[in-house]
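# Chain and residue survey
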Amino acid sequence: PPPPATVAGPSGGAGPRVATADSPPGGGGGGGGRCRFSAVCPFPYARDGRADSVAPLGVVVCSASRGEERFSSLAAAVRAAPEGATVLLGEGETELDGALLLQRPLTLLGARNAVLTARGGGSVVVVDLPGGGAAGGLPPPTLSIVGVGVVQRATEQPGVASACAREGEPARAAVGYAVVVRAGRAELTQCTVQSALSGGCFVSAAASAALRGCHFGAAAMHGVLVSGRARVEMSHCHVHSTGAAGVEARGRSEVRLHCCRVRHSSRSGLFATAFAEAHAEYCNVFQCRFAGIECAGQSEVRVHSCRVHDGERGGLLALGRSSLRVDACAVSRNAMAGVSARGSGRVVVADSAVTSGRASGVHVSEEASATVEHCRVEANGLCGVELSGSAATLVARRNVVRGNGGEAFALPSPQCGGCAQLEGNDLG
């Protein structure tokens, strides 16, 4: 594979390293068992093989107080397991009568090829830990799921499809997500989550989740949806082939992505709306049908050392009154503007490369504002930086803007309004 991409600054030197499309999710993880981008990230996560010795479809509960106990069903094992126990799930596909409700802190550990499904097409796993808030400064109760596949199959639900068809909505709108975290904290490590009916993982209210080395794919809706005041951290995850945004944050929620790969979503790869916050670092976002990364409402998005490329429309997009900051990123080969600010959106792009798009590199319109500093904007099909709209504003300092199909800076006439401040730019 090609070497890691670099961002060249105005002086021609190599800038920060970003993830490449040919790297493992998020750019890999060498460095003696640690993430090569972060000293505190433990990727690659060592696999726990304790469940491999369990008989196929068998269930064993291990606890300090009771030792090992064998059960005929997973639901019975979970009901009987004391807090802090480890439930070992043997290989094979375990079909549940309904959602597996997890209401006490424990660990569910799967053998190789251990998969959970549920009859009826509803949610497969629901985490609802009582006392889910961190009252009194204590950490919230935590449930861990390690090495388990969760698959929501496309089974017809009587009455649902016909009712949704009458309203013009798909049947999946009435179905819960494959994994739902309602209260407490869930930690999913090396899990594979798929949903042919709805989405992969939904974290809501004041719950929190840590998703590590997980694979969210083939989802009819979102890969990961975060709502309310929930908090989610994702590291070294792969999200792909989703019917809605790959990862979406709503309400006043917060989502953080580290070394993740997001691709082939039917909407934006990463989407924040309302008052949500989203942070992405060392991520690879590509081949999404709308924007690679989008913010709307009054959300805030921060993107650092990411690649956003080969989108069917734009690269990064700020709408409404949202705020977008882009640092040390490589934005390339998008069908529309590499970075776009519309409405009253606010954008800052620094130390980044915006190249080889089919439209303008940076486009600021309506009442939006953008600051572009120390960037390389080259080889775009239209203009390098385009300002349109009577109330749009642009500040561009010390950038390299050259080799674009149109003007380096396309600015409106004084009669049309708009405000531009240009300082020390290299136009080749």
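Please refer to the structure placed before this passage.
Below you will find a few notes about this structure. (Residues numbered from 1 in each chain as written. Predicted model: local features only at pLDDT ≥ 70, side-chain atom pairs only at ≥ 80, totals over all residues. Heavy atoms only, no water.)

Moving on, we get to the environment of Leu96. Residue position: Leu96 is located in strand β6 (residues 92-96). What makes Leu96 buried here is its relative accessible area of 8%. C-alpha separation for the pair Leu96 and Val125, spaced 29 residues apart in sequence, amounts to 9.8 Å. When residues no more than four places from it in sequence are discounted, the contact partners of Leu96 are Leu74, Thr117, Ala118, Arg119 and Val124. (Helix = DSSP H or I, 4+ residues; strand = E, 2+ residues; numbered from the N terminus. Buried < 20%, exposed > 50% of the residue type's maximum accessible area, 1.4 Å probe, protein only. Contact = heavy atoms within 4.5 Å.)

Counted according to the given criterion, the structure contains 21 salt bridges. Salt-bridge contacts for Arg250 lead to Glu248; the nearest nitrogen and oxygen are separated by 2.6 Å. A residue is classified by how much of its surface remains accessible, and Arg250, at 35% relative accessible area, is partly exposed. Taking relative accessible area as the criterion, Glu248 reaches 6% and is therefore assigned buried. For Glu378, the salt bridge identified is with Arg376, shortest N-O distance 3.0 Å. In this structure, Glu378 and Arg376 share a single accessibility class: buried. (Salt bridge = Lys/Arg side-chain N within 4 Å of Asp/Glu carboxyl O.)

By secondary structure assignment, the location of Ser235 is in strand β20 (residues 231-235). Side chain to side chain, Ser235 and Tyr45 meet in a polar contact 2.8 Å long. Apart from residues lying up to four places away in sequence, Ser235 is in contact with Tyr45, Leu211, Arg212, Gly213, His258 and Cys260. (Polar contact = N/O pair within 3.5 Å; in protein donor to acceptor, adjacent residues only side chain to side chain.)

What follows covers the packing of aromatic side chains. Considering all chains together, one arrives at 3 aromatic pairs under this definition. Consider the rings of Phe37 and Tyr282, whose centres lie 4.5 Å apart with planes at 10 degrees: the pair is stacked. One end of the pair, Phe37, is in the loop between β2 (14-18) and β3 (59-63); the other, Tyr282, is in the loop between β26 (277-281) and β27 (284-286), with 245 residues separating them in the sequence. The buried category is assigned to Phe37, whose relative accessible area is 13%. Overall, Tyr282 belongs to the buried group, its relative accessible area being 16%. Relative to Tyr45, the ring of Phe43 has its centre 5.5 Å away and its plane inclined at 80 degrees; by these criteria the two rings are edge-to-face. Here the basic side chain of Arg252 rests over the ring of Phe275, its NZ or CZ set 4.2 Å away from the ring centre. The lysine or arginine in question, Arg267, covers the ring of Phe290, its NZ or CZ lying 4.6 Å from the ring centre. (Phe/Tyr/Trp six-rings, centres within 6.5 Å; stacked < 30°, edge-to-face > 60°. Lys NZ or Arg CZ within 6 Å of the ring centre and 35° of its normal.)

With that settled, the discussion passes to the environment of Thr242. Inspection of the secondary structure assignment puts Thr242 in strand β21 (residues 238-242). Among the residues examined, Thr242 registers a relative accessible area of 3% and is labelled buried. Residues Thr242 and Val224, 18 residues apart in the sequence, show an inter-C-alpha distance of 9.6 Å. Those residues within four positions of Thr242 in sequence are excluded, and the remaining contacts are Ala219, Met221, His222, Gly223, His264, Ser265 and Ser266.

Looking now at unusual backbone geometry. Here the residue pair Phe43 and Pro44 is connected by a cis peptide bond, since its omega of 0 degrees sits within 30 degrees of zero. Relative to the assigned elements, Pro44 resides in the loop between β2 and β3. The residue Gln287 is not glycine, and still its phi comes out positive at about 55 degrees. Structurally, Gln287 can be placed in the loop between β27 and β28 (293-295).

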